[in-house]
There are 2 protein chains.
Amino acid sequence: MEKILFDFISKYISLTDDERNVLLSLNLFHSVKKGTVLLKEGQKSKDSYFVLKGCIRSYYFVDGEERTTAFYTEMEALTPACALSKTPSGYYISCSEDTLLIISNADMEEEVNSKFPKFDIMCRMFSAELLAKQRIDFDEFKTSSPEQRYLNLLQKRPDLLQRVPQHQLASYLGITPQSLSRLRSRLVKK
Amino acid sequence: MEKILFDFISKYISLTDDERNVLLSLNLFHSVKKGTVLLKEGQKSKDSYFVLKGCIRSYYFVDGEERTTAFYTEMEALTPACALSKTPSGYYISCSEDTLLIISNADMEEEVNSKFPKFDIMCRMFSAELLAKQRIDFDEFKTSSPEQRYLNLLQKRPDLLQRVPQHQLASYLGITPQSLSRLRSRLVKK
DNA sequence: ATAACTCGTTAACTAAAGTTAATAAATGAC
DNA sequence: GTCATTTATTAACTTTAGTTAACGAGTTAT
């Protein structure tokens with residue numbers, strides 16, 4: 001479990017035993033049951049999440065309807081906007097599966113970063129990378145049709161289709177559950 | 001001109017005169033004519049862009065057709081994925097207007113950051129902020145119809161409708177120019 | 001065990017976007 | 001200034017997504 005974290009960090013910086021121990025002393029690891037809501041709309045939280053095992057999901061309520069916008073699975077991280085801007089969250093985050101998470105707090109990060117400037121470097125590299133990746137995801141979404149987006153998802157995250165309900169996938173693809181169902185049956189006919 | 005940069009930086013960190021002078025010595029400011037292509041598909045570049053005045057645009061070619069995915073205007077920044085991953089760029093970047101830019105290079109940033117760790121902190125804060133903002137833009141895009149996206153754009157970036165051609169706006173909204181034209185005439189009738 | 005919900009699918013219908021083509025106005029090139 | 005190209009609009013037609021409703025299978029609660 002710790003190994004997963006340290007392996008991940010080693011992609012960016014190398015740590016001394018001292019630094020490892022500081023991280024371990026922070027009580028970052030949390031095991032969370034499926035269905036647990038980590039963040040609610042309107043809530044102010046300074047927590048960030050990093051998924052070690054399992055899946056978390058962000059969603060809005062639009063006209064009383066749930067609209068799923070993202071799934072975060074193994075090795076993916078989410079810092080909600082509210083953690084940076086101190087404004088209430090616009091969306092919910094919940095666990096789609098029993099999930100093993102690293103939950104870190106903005107204040108705690110501040111403290112660790114000021115003690116070990118190395119972490120600033122890692123965070124900078126990691127967020128710049130995520131920003132560019134997310135930009136490309138957004139671009140792909142914009143430049144493709146629902147059908148292409150579905151096929152793209154099949155290629156890139158085939159696991160999601162197994163682990164997540166269809167109607168959540170549908171809004172993740174920007175369409176209704178009925179459209180997704182239809183689209184799928186259209187594809188098998190070909 | 002320098003003032004714009006330093007005002008921006010002061011939102012994150014405070015600089016000494018020494019640090020300011022190092023920045024100024026780097027020859028970061030560039031005045032670029034409308035139509036200039038800053039980055040081509042397939043090209044490897046380590047440059048990042050920050051718009052002081054004007055507008056730059058990123059676009060793909062899909063089946064020989066230009067597909068615009070983003071506009072960056074005053075105080076907005078773009079680090080192309082290729083600058084981080086050393087892979088060839090998937091898209092083009094060009095100037096939509098005569099533009100005043102800060103162009104920084106990854107190697108140069110590395111050097112400045114190692115000399116002034118403060119910059120790492122600033123970059124971390126700035127990219128984390130952008131990441132969260134872009135996430136929300138993506139969420140809004142997913143959860144709304146082309147019409148809502150257009151109305152949303154009218155609210156949030158009304159200037160874009162004046163400074164950018166319709167057909168580029170259309171693909172920015174994820175639709176064809178014909179659909180945008182129709183959508184607009186549908187709206188005026190209401 | 002039954003009742004109430006949720007989930008995925010299908011169908012019929014409506015609304016809107018994609019496609020193809022034609023046109024006119026604006027822009028740029030020579 | 002003329003010609004060619006680009007841009008925005010409109011129209012007719014096709015395709016696909018949204019909407020509403022119904023159905024059965026699976027789940028959950030009591």
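A quick note: this is a predicted structure, and the numbers were derived from the prediction, not measured.

Glancing now at the protein's contact with DNA strand C. Lining the immediate environment of DNA strand C, one finds 14 residues, of which Gln 166 and His 167 of chain A together with Gln 178, Ser 179 and Arg 182 of chain B sit closest. Atoms of DNA strand C within 4 Å of the protein: sugar and phosphate make up 60%, bases the balance. Thr 176 of chain B is positioned such that a nitrogen or oxygen atom in its backbone is 3.2 Å from a phosphate oxygen of DNA strand C. Residue assignment for the surface near DNA strand C shows that the elements contributing at least two residues are helix 8 (166-172) and helix 9 (177-189) of chain A together with helix 9 (177-189) of chain B. No other element matches helix 9 of chain B, which puts four residues into the surface near DNA strand C. Class assignment for the residues of the surface near DNA strand C results in three nonpolar, eight polar and three charged.

Every one of the 14 residues lining DNA strand D counts as a neighbour, but Ser 179, Arg 182 and Arg 186 of chain A together with Gln 166 and His 167 of chain B are closest to it. Sugar and phosphate atoms form 60% of the subset of DNA strand D atoms that lie within 4 Å of the protein. Thr 176 of chain A is positioned such that a nitrogen or oxygen atom in its backbone is 3.2 Å from a phosphate oxygen of DNA strand D. With respect to DNA strand D, the side chain of Arg 182 of chain A contributes an N or O atom lying 2.8 Å from a base oxygen. Mapped onto the surface near DNA strand D, the elements with two or more residues apiece are helix 9 of chain A together with helix 8 (166-172) and helix 9 of chain B. Counting residues per element, the surface near DNA strand D draws most heavily on helix 9 of chain A, at four residues. Here the residues of the surface near DNA strand D sort into three nonpolar, eight polar and three charged.

For the rest of this paragraph, the subject is the sheet that holds strand 6 (residues 77-78) of chain A. Residue and element names in this part refer to chain A. Pairing is antiparallel across the open sheet formed by four strands, whose spatial order is 1-8-3-6. On the outer flanks of this sheet lie strand 1 (29-32) and strand 6, each paired with one strand and no other. Alignment of strand 3 (residues 47-53) against strand 8 (residues 99-105), held across six bridges, turns out to be antiparallel. Bridging from a neighbouring strand, Ser 48 pairs with Ser 104 of strand 8.

Here we take up the packing of helix 5 (residues 117-142) of chain A against helix 5 (residues 117-142) of chain B. Put simply, helix 5 of chain A and helix 5 of chain B touch, their axes get as near as 8 Å, and they point 25° apart. For the element pair helix 5 of chain A / helix 5 of chain B, the angle class is roughly parallel. In the crossing of helix 5 of chain A with helix 5 of chain B, the sense of the turn from one axis to the other is left-handed. The class makeup of the residues in the contact of helix 5 of chain A with helix 5 of chain B is 14 nonpolar, four polar and ten charged.

Criteria and thresholds
- Residues numbered from 1 in each chain as written.
- Chains lettered and ligands numbered in written order.
- Predicted model: local features only at pLDDT ≥ 70, side-chain atom pairs only at ≥ 80, totals over all residues.
- Heavy atoms only, no water.
- Near = heavy atom within 4 Å.
- Polar contact = N/O pair within 3.5 Å; in protein donor to acceptor, adjacent residues only side chain to side chain.
- Helix = DSSP H or I, 4+ residues; strand = E, 2+ residues; numbered from the N terminus.
- Nonpolar A, V, L, I, M, F, W, Y, C, P; charged D, E, K, R; others polar.
- Pairing = 2+ DSSP bridges.
- Axes fitted to C-alpha atoms, helices over the stretch in contact; angles between N-to-C directions.
- Parallel < 35°, antiparallel > 145°, perpendicular 65-115°, else oblique.
- Left-handed = near helix turned anticlockwise from the far one by under 90°.

All we've got here are geometric facts, nothing functional implied.
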